[in-house]
Amino acid sequence: MIILEIRDKISEDLSKIIGAPGNQIAFILTMIFVIPFCFLNYHIHGKITRLLYSFVVGFIFQFMIYKLNTIHIFISAICTYLFIKYYGRKKSGFYLFIFTLLYLSYLNIKRMFRTYKGWKIDDPTTIYMMSICKFSSLAFSYEDGGKKDEELKNNHHKEYRVYEKPTLLEVLSFVYFYPTSIVGPSIEYKDFINFIQETDCYSRLNDNYFYIIKTGFLYFLGSFVCIGIYTFLGLKLPISRVVEEDFGKHNVFFVLAYIYFCVPGVRARYYSGWLLSYSTVILSGVAYTEKKDEKGNIKKTSEKGCYGSIVTCEWGINPKYSMIDWNNTIHLWLKYNVYTRVININRKPFKNNFVMASVCTFISSAIWHGFYLTYYLTFGLLYFYQTGSAVLDKAGLFDWIYKTKFLMPLASILNALAFETIGIFFFNLKWEKAIIGARNMKYFPIVYIMGIYIISLMINVPKKKEPKQTLEQENKKKEE
């Protein structure tokens, strides 16, 4: 294809100029190529035509990056349709969730054998990790469509119920939807089908054309700011430096300061891809949302498919929101398709068991990422950090910090360092490198996080119940 030759030539030239890998530049360029097709979408009408357009264009763009590896997405999309068709509303969501998680595990293990402790940007796990959200959320939503209101405890499940059985074309079009076919994000099937049918708020897209363009291009420009940060910070301060033996010669304050700047530089690479992808979701129109405020006025937003807030993630003081805003679409997928569903299982030990739900959620997230031991160290620390900080949040610590304000800079730095030092374990897949990194950091993340967790346990220690007094003892106490 001529377009691929042009893309690869541009990528090669830019790689020589800025020093970034050519395949990453090609990845970004392909996502930019999606934008004109977002504008064409406003001139295409008719359900079948729009479905075919979404599927064909999305398939082509996914093929441009993943080549024949897109077969894994196609197989799973067909399986999603078959699960819904033959299992219907009886456990189709649960069975499909397990099937796709096992399929992703197979791809992760295959990658480990092929390039152990390595990763390529065109690896099929990259897109499968985001597509799995579409597979399972669609099946769960269809399953919810057969339940009564009183059976669904969560408003999100009620809102996104799917009543009509999707056709094969609808499933394929949803999975391959062109703004999300390269790196996500995940969107709800109900929003997608309303977008295709031009119903609900999507019937007014052309009336809000300039608002959508303005918002989309703001995120588009933001992606290039992040590319600049990655180029001038992430590449200049390599994260691999932290796990080298001689790095431990520096004092702990230098080490932590280095990490404080180098990890956000690395994360900027992810932010750039996410912002660029989100900009195409906005420009296509599917992110458009209308909400009524307390006075009944309509407020326009573009929040569907949003990855989260970089500001909250990087400089927030509450670990809960920093964790959510790292990758909001995955957080919502885990929240509504794992956490809330585990709580609502009507039998022991799951029913209303928040600890069990949290454990299942973190295990699912860890398996979703892969099978490197450093991942499980990462998610183990994240579990203790989230659990401990949630207790401190309920005790009013973060509200107090917000009110007093003078402690906010310190709280922000400590929260950022906790996540960034954990990131050293996540980004360095070799266990022996993780141990060197922990030693160079003087075990800061482990000591700090476990300290918070122990404090939370002390706060949560139940008070001993006083023995019930007899009537005679109560009267005697009153007389005294």
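Along each chain, residue indices are assigned from 1 in the same order as the chain's sequence is written. Local features are withheld for residues below a pLDDT of 70 in this predicted model, meaning they are given only at 70 or higher, and side-chain atom pairs are given and counted only at 80 or more; totals for whole chains, interfaces and linings count all residues. As a convention, hydrogens and water are excluded, and side-chain values are obtained from all of the structure's heavy atoms.

Overview of the confidence of the model for the protein
As a general rule, the predicted coordinates of low-pLDDT regions are not to be interpreted in detail. Basically, it comes down to this: The predictor rates its confidence in each residue with pLDDT, a number between 0 and 100. Secondary structure is summarised from DSSP: a helix means a run of H or I of at least four residues, a strand means a run of E of at least two, and numbering begins at the N terminus for each. Working rule for contacts: check all heavy atoms of both residues, and any pair within 4.5 Å makes them a contact.
Counting all residues, the mean pLDDT for the protein is 87, and 94% of those residues have values of 70 or more. The spread of mean pLDDT over the elements of the protein runs between helix H22 (residues 471–479), the lowest at 46, and helix H9 (residues 168–175), the highest at 97. Taken as a whole, residues 468–480 scores under 50 in pLDDT and shows 3 contacts with residues more than four places along the chain or in a different chain.

Considerations on unusual backbone geometry
Rules: Type-normalised accessible area, obtained with a 1.4 Å probe on protein chains alone, sets the label of each residue: buried when under 20%, exposed when over 50%, and partly exposed for intermediate values.
Gly184 connects to Pro185 through a cis peptide bond whose omega is 5°. Tracing the chain through its elements places Pro185 in the loop between H9 and helix H10 (189–197). Located in the positive-phi region is Lys91, a residue other than glycine, with phi close to 65°. Here Lys91 is to be found in the loop between helix H5 (71–87) and helix H6 (92–114). Taking the relative accessible area as the measure of exposure, Lys91 reaches 47% and is therefore partly exposed.

Concerning the packing of aromatic side chains
Put simply, the rule is: Two rings from Phe, Tyr or Trp (for Trp, the six-membered ring) form a pair when their centres are within 6.5 Å of each other. A pair whose planes differ by under 30 degrees is stacked, one over 60 is edge-to-face, and the rest are tilted.
This structure, assessed with the given rule, holds 48 aromatic pairs. Between the aromatic rings of Phe59 and Tyr176, the centroid separation amounts to 5.4 Å while the plane-to-plane angle is 50°, which identifies the pairing as tilted. Of this pair, Phe59 sits in helix H4 (residues 47–66) while Tyr176 sits in the loop between H9 and H10, and the two are 117 residues apart along the sequence. Between Phe174 and Phe192 the ring centres are 5.6 Å apart and the planes differ by 50°, which places this aromatic pair in the tilted class. Taken together, the residues Phe174 in helix H9 and Phe192 in helix H10 connect sequence positions 18 residues apart.

Brief notes about helix H20 (residues 431–440)
Taken together, the buried positions of H20 are Ala434, Ile436, Gly437, Ala438 and Asn440. Phi turns positive one or two residues past the end of H20, at Lys442, with a value near 55°.

Side note on the pattern of salt bridges
Heads up, the rule is: Here a salt bridge means any side-chain nitrogen of Lys or Arg lying within 4 Å of a carboxyl oxygen belonging to Asp or Glu.
Counted according to the given criterion, the structure contains 13 salt bridges. The partner of Lys47 in a salt bridge is Glu170, with the nearest N and O atoms 2.7 Å apart. Here the residue Lys47 occupies a position in helix H4, and Glu170 occupies one in helix H9, the gap between them amounting to 123 residues. Under the relative-accessibility criterion, Lys47 is labelled partly exposed at 31%. Of the charged contacts, one joins Arg341 and Asp144 as a salt bridge, the two residues approaching to 2.8 Å between their closest N and O atoms.

Considerations on the environment of Met64
Relative to the helices and strands, Met64 resides in helix H4. Among all residues touching Met64, those that are not within four sequence positions of it are Ile3, Leu4, Arg7, Thr30 and Phe33.

Considering the pairing of strand S2 (residues 298–301)
Test applied: Pairing between strands is defined by DSSP: at least two bridges between the two strands are required.
Pairing geometry for strand S1 (residues 289–292) and S2, over 4 bridges, is antiparallel. Each bridged residue has a counterpart across the sheet, and for Glu290 the counterpart in S2 is Lys300.

Observations concerning the packing of H5 against helix H7 (residues 124–144)
For any two helices packed against each other, one specifies the crossing angle of their axes together with the interaxial distance. Inclusion rule: All axes here are fitted lines through C-alpha atoms, helices being fitted over the stretch that makes contact, and every angle between N-to-C directions spans 0 to 180 degrees. Relative orientations are named as follows: roughly parallel for angles under 35 degrees, roughly antiparallel for angles over 145 degrees, roughly perpendicular for angles from 65 to 115 degrees, and oblique for any other angle. Residue type decides the class: Asp, Glu, Lys and Arg count as charged, Ala, Val, Leu, Ile, Met, Phe, Trp, Tyr, Cys and Pro as nonpolar, and the leftover types, Gly among them, as polar.
With their axes 10 Å apart at the nearest point, H5 and H7 run at an angle of 10° to one another. Taken as axis vectors, H5 and H7 run roughly parallel relative to one another. In this structure, H5 contributes His72, Ile73, Ser76, Ala77, Thr80 and Ile84 to the contact, and H7 contributes Pro124, Ile127, Tyr128, Ser131, Phe135, Leu138, Ala139 and Tyr142. Split by residue class, the contact of H5 with H7 holds 10 nonpolar, 4 polar and no charged.

Concerning the nonpolar core
Quick note on the threshold: Only buried residues count toward a nonpolar core. Its members are Ala, Val, Leu, Ile, Met, Phe, Trp, Tyr and Cys residues joined through side-chain atoms within 4.5 Å.
Counting residues in each nonpolar core, the largest one holds 87 residues, and the members touching the most others are Tyr128, Ile132, Phe135, Val175, Ile182, Phe192 and Trp333. Sort the elements by how many residues they give to this core and H7 lands first, with 11 residues. Sequence-distant contacts of Trp333, defined by excluding residues within four places in its chain, comprise Phe97, Ile132, Cys133, Ser136, Val338 and Trp368. Core analysis: the second largest hydrophobic core is formed by 38 residues, Ile239, Ile317, Met323 and Met441 among them.

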